[in-house]
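Here are the chains, one letter per residue:
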Amino acid sequence: MYDVTKPTEEQVKLRAQAYKILYARFPDSPKDGNIYKCIDEWLLKGQVTTNGIVQYYDAYYNKKQ
């Protein structure tokens, strides 16, 4: 289980990888923390890879103009 205050080494690596992927894909994302919120939610759901995180972010966090 993911604990935001005590992530495992694997979770820290996955979080960094997810951030790199999302920031590269959505460089103009609002600086309101949505990328971080998305990653935390992703990990809280028990995800162990970044497969699908771009689609998840796009569906739930990417504000359409």
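For the structure, check the block above.
Residues numbered from 1 in each chain as written. Predicted model: local features only at pLDDT ≥ 70, side-chain atom pairs only at ≥ 80, totals over all residues. Heavy atoms only, no water.

Trainee: Now, about the packing of helix H1 (residues 9-25) against helix H3 (residues 53-60): what can you tell me, with residues and values included?
Mentor: Between H1 and H3, the least distance of the axes is 10 Å, while the angle of their chain directions is 55 degrees. Relative to H3, H1 is oriented oblique. Pair H1 / H3 crosses with right-handed handedness. Contacts from Ala 18, Ile 21, Leu 22 and Arg 25 of H1 reach H3 at Ile 53, Val 54 and Tyr 57. For the contact of H1 with H3, the class distribution of residues is six nonpolar, no polar and one charged. (Axes fitted to C-alpha atoms, helices over the stretch in contact; angles between N-to-C directions. Helix = DSSP H or I, 4+ residues; strand = E, 2+ residues; numbered from the N terminus. Parallel < 35°, antiparallel > 145°, perpendicular 65-115°, else oblique. Left-handed = near helix turned anticlockwise from the far one by under 90°. Contact = heavy atoms within 4.5 Å. Nonpolar A, V, L, I, M, F, W, Y, C, P; charged D, E, K, R; others polar.)

Trainee: How would you summarise the packing of H1 against helix H2 (residues 34-44) if you had to cite specific residues and measurements?
Mentor: Orientation of H1 relative to H2, taken along the N-to-C sense of each, is 135 degrees, at an axis distance of 10 Å. In terms of axis orientation, H1 runs oblique to H2. Classified by chirality, the crossing of H2 by H1 is right-handed. Side by side, H1 and H2 meet where Gln 11, Leu 14, Arg 15, Ala 18, Tyr 19, Leu 22 and Tyr 23 of the first sit next to Ile 35, Tyr 36, Cys 38, Ile 39, Asp 40 and Leu 43 of the second. Within the contact of H1 with H2, the residues separate by chemical class into ten nonpolar, one polar and two charged.

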